[in-house]
Amino acid sequence: MRTLITNGTIVGADGSTAADVLIDGEKIALIGRNLAATVTADETLDATGKYVIPGGIDVHTHMELPFGGTFAKDTFESGTRAAAFGGTTSIVDFAVQARGASLRQGLDAWHAKAEGNAVADYGFHMIMSDVNDATLAEMDGLVAEGVPDFKLFTAYPGVFYSDDGAIFRAMQQTAKNGGLIMMHAENGMAIDVVAADLVGEGKTDPYYHGVARYPIFEGEATNRVIRLAEAAGVPVYIVHLSARDAMNAVREARDRGVGVFAETCPQYLFLSLEDLGHGFEGAKFVCSPPLRPADHQEELWTGLIKDDLQLVSTDHCPFDFEGQKELGQGDFRMIPNGLPGVEDRVDLLHDGGVVAGRISPERWVEIVSTAPAKLFGMFPRKGTIAVGSDADVVIYDPKATRTISAKTHHMDVDYSCYEGRQVRGQSDIVLSRGSVIVRDGQFTGRKGAGKFLKRSIADYARIS
Ligand code: URP
Ligand code: ZN
Ligand code: ZN
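Residues numbered from 1 in each chain as written. Chains lettered and ligands numbered in written order. Predicted model: local features only at pLDDT ≥ 70, side-chain atom pairs only at ≥ 80, totals over all residues. Heavy atoms only, no water.

**A short note on the coordination of the zinc ion (ligand 3)**
Six octahedral donors around a metal ideally sit at 90 or 180 degrees from one another, while four tetrahedral donors ideally sit at 109.5 degrees.
Then, number 1: Protein-derived coordination of the zinc ion (ligand 3) comes from H60 (NE2), H62 (NE2) and D315 (OD), at a distance range of 1.9 to 2.1 Å.
Then, number 2: Every donor counted, the four donor atoms about the zinc ion (ligand 3) form angles of 88 to 139° at the centre, which fits irregular coordination.
Then, number 3: Positions of the donor residues of the zinc ion (ligand 3) along the chain correspond to the pattern H-x1-H-x252-D.
Then, number 4: In this model, the zinc ion (ligand 3) sits 3.9 Å from the zinc ion (ligand 2). One end of the pair, H62, is in the loop between strand 8 (56–61) and strand 9 (66–67); the other, D315, is in the loop between strand 17 (311–312) and helix 11 (345–355), with 253 residues separating them in the sequence.
Then, number 5: In this structure H62 comes out as buried when scored by relative accessible area, which is 4%. (Donors = N, O, S within 2.8 Å, 3.2 Å for Na, K, Ca; no water. Tetrahedral: all angles 85-135°; square planar, octahedral: opposite > 155°, others 65-115°. Helix = DSSP H or I, 4+ residues; strand = E, 2+ residues; numbered from the N terminus. Buried < 20%, exposed > 50% of the residue type's maximum accessible area, 1.4 Å probe, protein only.)

Printed below as a string of C-alpha cells:
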C-alpha cells in the first residue's frame, strides 16, 4: 500500500517545510515537492492548509493500573484508540511489579494486557515496588529486552514507596546497565502525616488532598533524588512535575550540568487547586502530585519554553467518578489517584501553547513527539517525519475548533476534566505505521494492530 500526502506543511522539531510525503508500507519512503508528478500511490490524502506531523508519543500512561482497591478503566484497546483520536500513535505504559513478585511476572502481565488489544504501538517502563538483589539483577535483562526505564516512588508509603537506599541501589544498577530511573518525587512520609492531621480535624473533602501534598514536599523530594542520581553518576527523569519548587530544583541541577530530565502534564498547565473544590465533585481532579495553585502554571510554561522541561505526557489514569472516585467519600485518602487525558494532550498543547503564542508549532511537535522519542529510545523510528521512519503521521488541522466533553470523547471514563473547554486544533487523519486508523472522526484501525516497541537506551549525554 502506497499513500501520498500532498500540499501540507511538514512541521518538525527542527523546522517546517511545504512538501509531500510518500508512504510505502509501514515506512516513510520519500519527501519532496510536487511528488504527484513523479510517483504513483494507491491513495492520495490532500493536506492543503494542514500540518503534517509525526504521531504524538505519550510516555506516561496507566492502562488498567491497580490503584486504591480498583483499576484504571481504560484497557489497551480503549486507551490506544482514544489516544489515536487525539493524534497520539504511541504510548509507553507502566508495567507494575507487585510487592513480592518478580519484575518478569509484572512485565509478562502487561504484555498479556496489551498484546492483541492495542490499536497502536506501545512500550513499557517498569514500576519497581521492591528493590532487592533479585530485582536488581532482573533490571539488566529488561534493559536488553527493550524496557530500559524503571519508575520508583518517594510517595505512597506502603504501596509503591522506596526509601533512599533502595532508590540509590537502583540508580547504581542503571549506572552499570544504561537504564534510566524515573522518579515520582514527593515526600510521601511527610504527606501522610499532614493528611492524617487534616482528616483528624474533619477535613475529608477532595480539596484537602491538594492541601496535604505541599509543593515543598515535591521540591524536597525532587532535589533529593537529583542529588542521589548525581552521587550514583546517572541521569534521572522526574515524572509529572507539578510545582514551582520542583521546577526550581530541576533548573538549578541542569544549570550545574546534571543530567536531569523532566516532564509535566496538561493538568498542571491548565487546571489548578481550585478545581479540587466544589465538594466531592473535586474527586474528579484528584491525582498525585496534586493540582497546584494557578500561579505555578506560568513557571511550568517557562520551563517548557526554556527546555528545563523536555516534554509533556499525560499520566493518563482514568477512574469513573461513579463507583470509583466515590470510594473516597468521607476520606480523601481513599480516592483513587489519577486523571484521564491521553486523548486531549496534543490539542491542549496546541491550543494553550501554539495558539496562545507561548511556543512555536515546531516546539509543540518537539514536546509531544520528538523529545519523547529521543529520551525514550525510539528516535528516529518514531518522533519525526523522515525517510525510513515509521509512517506514524497525523494530518492536523490547526484551525479546527472542538469542545472537549465526556459526551464525545473516546476514553472509557464518565467525565472529562476539561468539560466544555474549546480548543483550536484537531487531528483530521491519523496513520499508524502507514495505515489510516482515524479519519474524519471515525475509527478505521484494528484491535491488535499495535505492536510492542522494543526501545533502546537513549544517548542522554547527547540530549541537551
Ligand atoms: O495520580 C496519579 N498520578 N496516578 C497514577 C500513579 C502515578 O503516581 O503516576
Ligand atoms: Zn507517579
Ligand atoms: Zn503515573
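**Description of the side chain of H62**
Then, number 1: A polar contact is formed between the side chain of H62 and the side chain of H60, at a distance of 3.1 Å.
Then, number 2: Looking at H62, its side chain comes within polar contact range of the side chain of D315, at 3.0 Å.
Then, number 3: Dropping the residues within four chain positions of it, H62 is found in contact with A72, D93, F94, I127, D315, H316, C317 and P318. (Polar contact = N/O pair within 3.5 Å; in protein donor to acceptor, adjacent residues only side chain to side chain. Contact = heavy atoms within 4.5 Å.)

**Describing the coordination of the zinc ion (ligand 2)**
Then, number 1: Coordination sphere of the zinc ion (ligand 2), protein contribution only: K151 (NZ), H184 (ND1) and H240 (NE2), at 2.1 to 2.2 Å.
Then, number 2: Mapping the donors of the zinc ion (ligand 2) onto the primary sequence yields the spacing K-x32-H-x55-H.
Then, number 3: When its relative accessible area of 1% is taken as the criterion, H240 is described as buried.

**Some thoughts on the site of ligand 1**
Then, number 1: Around ligand 1, the surrounding shell holds 13 residues, and the nearest of these are K151, Y156, S288, D315 and N337.
Then, number 2: Between ligand 1 and S288 there is a distance of 2.8 Å, counted from an oxygen atom to a backbone nitrogen or oxygen.
Then, number 3: A distance of 2.6 Å separates a nitrogen atom of ligand 1 from a polar atom in the side chain of D315.
Then, number 4: When isolated, ligand 1 has an accessible area of 270 Å², and the protein chains bury 99% of it. (Near = heavy atom within 4 Å. Areas by Shrake-Rupley, 256 points an atom, 1.4 Å probe, with all protein chains shown as cover.)

**Quick word on helix 12 (residues 361–375)**
Then, number 1: In this model, helix 12 (15 residues) spans 20 Å end to end at C-alpha, consistent with the 21 Å of a helix rising 1.5 Å per residue.
Then, number 2: At I367, helix 12 shows its maximal kink, close to 50°.
Then, number 3: Of all 15 residues that make up helix 12, 12 are buried, and the element is covered over most of its length.
Then, number 4: For helix 12, the complete set of buried residues consists of E362, R363, W364, V365, I367, V368, S369, T370, A371, P372, A373 and L375. (Expected span 1.5 Å × (residues − 1). Bend = angle between axes of the 7 residues up to and from the residue.)

**As for the packing of aromatic side chains**
Then, number 1: Tallying each qualifying case throughout the model produces 16 aromatic pairs.
Then, number 2: For the pair F153 and F160, a centre-to-centre distance of 4.8 Å together with 25° between the ring planes defines the contact as stacked. For the residue pair F153 and F160, the accessibility class agrees, reading buried in each case.
Then, number 3: Ring centres of Y214 and F217 lie 4.6 Å apart, and the angle between their planes is 15°; on these two criteria the pair is classed as stacked. (Phe/Tyr/Trp six-rings, centres within 6.5 Å; stacked < 30°, edge-to-face > 60°.)

**So, the sheet that holds strand 6 (residues 43–46)**
Then, number 1: The four strands are arranged 5-4-1-6 in an open sheet whose pairing can be described as mixed. Looking at strand neighbours, the two that pair on one side only are strand 5 (27–32) and strand 6, the edges of this open sheet. Strand-to-strand twist of the sheet, defined as the mean angle between neighbouring strand axes without regard to direction, takes the value 20°. (Pairing = 2+ DSSP bridges. Axes fitted to C-alpha atoms, helices over the stretch in contact; angles between N-to-C directions.)

**Some details on unusual backbone geometry**
Then, number 1: Residues S288 and P289 are joined by a peptide bond in cis, for which omega reads -5°.
Then, number 2: Among the structural elements, P289 can be located in the loop between helix 9 (266–270) and helix 10 (297–305).
Then, number 3: The omega angle of the peptide bond from F379 to P380 is 5°, so this bond is cis rather than trans.
Then, number 4: Even without a glycine there, the phi angle at N7 is positive, about 65°.
Then, number 5: Here N7 falls in the partly exposed class, since its relative accessible area comes to 48%.
Then, number 6: You will see that R433, though not glycine, has its phi angle at about 40°, which is positive.
Then, number 7: Within the secondary structure layout, R433 lies in the loop between strand 19 (422–432) and strand 20 (435–439).
Then, number 8: For R433, a relative accessible area of 9% gives the class buried.

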